[in-house]
Amino acid sequence: MGRMIDVPSDRGSRPGPASTGELNGVLKSRREFLARGMAVAGGAAATGSALAAPLEIPPAAREMGRPIPEAMYGMPSKFEAHVARRRTDVLKNRQNWSDWSMTPLQHQPGIITPNGLVFERHHAGTPDIDPKTHRLAIHGMVRQPLQFTVDDLMRYPSVSRFHFHECSGNGLTDWLKPASVTVQQTHGLLSGVLWTGVPLSTLMEEAGIDPRGTWVLLEGADGAGHTRSVPMEKVLDDSLIAYAMNGEALRPENGYPVRAVIPGWEGNVSVKWLRRIKVGDQPWHFRSETARYTDPMPEGKWRQFSMVMECKSVITSPSGGQQLKGRGFHEVTGLAWSGVGKIRAVDVSFDGGRNWREAVVEGPVMDKSLTRFKIGWNWDGAPAVLMSRAVDSTGYVQPSVEDVKKSRAIMGFVQHHNAIQPWSVNEKGEVRNAIGQA
Ligand SMILES: Nc1nc2c(c(=O)[nH]1)N[C@H]1C(S)=C(S)[C@@H](COP(=O)(O)O)O[C@H]1N2
Ligand SMILES: [Mo]
């Protein structure tokens, strides 16, 4: 095994959330709010306005629409053009080969990120790989070294699984003080994907693992020569060689034609454009597991191979840069996920963490997958600080920034940052990033 050092736990604590009743204007459900609204306003709708006359017939209803073309890849409405993956303006490299673009989580309902919006992180840009010439090799401590074409891989029994996909650098710029405005910039190195491919265990069995083979090397076919070591235990547990995402072939930027998917672990080990799998008896200590992707610890050591993405959550609406449209009912909603299991509960605070209420966790609740939570809020127009705190199936509680600070060395940036994100709301309903201020 590698030199894994013991680390103080940075898990948070969960003083019991209020589970019933009303607290600081927070209502249990929209139904409760509507019932109240009905009583107060004598039947007026909660957010619409009274219908005084029949609606006018709109122009679209008076003419024929666009006919169906012979063949076409469908695109979103032109009115949704603002929903785009974006590079961050906080930490912009001068070149855009080793860079990232972030998922607009504030515009994502549900738990699936459409392929055109799945975040990107490359160390040497996106290669253009022809699946006909691409080869994947398995060698090292195996009985029979093998090579596969993409078609070969597609002949194996396949599996499809929903998993969150997160870069360990997610939140890196914003852990001590606000640098970013939106949740896209603070948390957008995160996506929810249905991956389809072959379990790595199937290919390992076929090659025949030497009993001394305890680690696996994964190498990409991009200009970065991106390479990582993954313990055999994880490889055989739930890792995949994926060729499809969300119902179609991988996008070039996400690893076309084949990539590794290491569920619940930092995105960096899910090597894209996968060309080589080597079995060995120890980790290789590549750049991305020594100089990068390690965590500075308080005693001056660096934590290596901390690849699990621990339990985390964030409110996506309302979130930074948004504007509440008036007092009254708002559905507060967000995403929760854990690299070791399922989401058990999410608590939401409206007063900067003094009081907490349990949100509704919306199904399906899946292993190592984005999970949606929701809670009704009756905004009375007063300033508020909104936070969410997730608990996973192991009982791990998402930590506060203070908890994380205690267990890590304080440096400008932090990897594997899973602390609670506060959003402040002022009297005008403007929502701001309040990290380090709540
Ligand atoms: N071959 C290769 N694989 C790679 C990378 C890379 O630069 N080259 N980047 C890694 C990093 S740091 C992350 S977070 C994920 C990002 O995957 P995505 O671009 O599909 O979101 O891919 C990983 N796999
Ligand atoms: Mo990453």
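Residues numbered from 1 in each chain as written. Chains lettered and ligands numbered in written order. Predicted model: local features only at pLDDT ≥ 70, side-chain atom pairs only at ≥ 80, totals over all residues. Heavy atoms only, no water.

**Observations regarding the overall build of the chain**
Stated formally: Only DSSP runs of H or I covering at least 4 residues are called helices, and only runs of E covering at least 2 are called strands; the numbering of each starts at the N terminus. Three exposure classes are used, based on accessible area relative to the maximum for each residue type with a 1.4 Å probe and protein chains only: buried under 20%, partly exposed in between, and exposed over 50%. Residue contacts are defined here by distance: any two heavy atoms, one from each residue, within 4.5 Å place the two residues in contact. Accessible areas in this description were obtained via Shrake-Rupley with a 1.4 Å probe; residue shielding takes into account the shown protein chains only. Charge counting follows a simple rule: Lys and Arg are positive, Asp and Glu are negative, and His as well as the terminal groups are ignored. A charge is said to be at NZ when it belongs to Lys, at CZ for Arg, at CG for Asp and at CD for Glu.
Within the chain, the secondary structure is distributed over 6 helices and 24 strands. Along the first, second and third principal axes, the C-alpha set of the chain runs to 75 × 65 × 40 Å. The 438 residues of the chain split such that 51% are buried. Relative to all contacts within the chain whose residues are 6 or more apart in sequence, the contacts with residues 24 or more apart total 73%. When the accessible surface of the chain is split by element, carbon and sulfur atoms take 53% of a total near 20,900 Å². Side-chain charges in the chain split into 51 positive and 45 negative, and the spacing between the mean points of these groups amounts to 2 Å.

**Focus on the pairing of strand 4 (residues 136-140)**
Quick note on the threshold: Strand pairing is assigned whenever DSSP identifies at least 2 bridges connecting the two strands.
Pairing analysis gives 3 bridges linking strand 4 to strand 5 (residues 146-148), with the strands arranged antiparallel. Along strand 5, the bridge assignment pairs Ile 138 with Leu 146. In sequence, strand 4 turns back onto strand 5 through a hairpin of 5 residues. Pairing of strand 4 with strand 13 (residues 274-280) involves 4 bridges; the strand directions are parallel. Among the inter-strand pairings, Ile 138 is bridged to a residue of strand 13, identified as Ile 277.

**Describing the site of ligand 1**
This is how it is decided: If even one non-hydrogen atom of a residue comes within 4 Å of a molecule or strand, that residue is called near it. Two N or O atoms count as a polar contact when they lie within 3.5 Å, although within protein this holds only if one can serve as hydrogen donor and the other as acceptor, and sequence-adjacent residues are included solely when both atoms are side-chain atoms. Throughout, the ten residues Ala, Val, Leu, Ile, Met, Phe, Trp, Tyr, Cys and Pro are labelled nonpolar, Asp, Glu, Lys and Arg are labelled charged, and all others, Gly among them, are labelled polar.
Neighbouring ligand 1 are 20 residues, the closest being Phe 119, His 123, Asp 222, Arg 259 and Lys 272. In this structure, Asn 254 approaches ligand 1 through a side-chain N or O atom, which is 2.8 Å from an oxygen atom. Here a nitrogen atom of ligand 1 sits 3.1 Å away from a polar atom, N or O, in the main chain of Ser 270. Against a free-state accessible area of 530 Å², the protein chains account for coverage of 100% of ligand 1. Taken together, the residues that form the shell around ligand 1 break down as 5 nonpolar, 9 polar and 6 charged.

These figures come from the coordinates and say nothing about function on their own.
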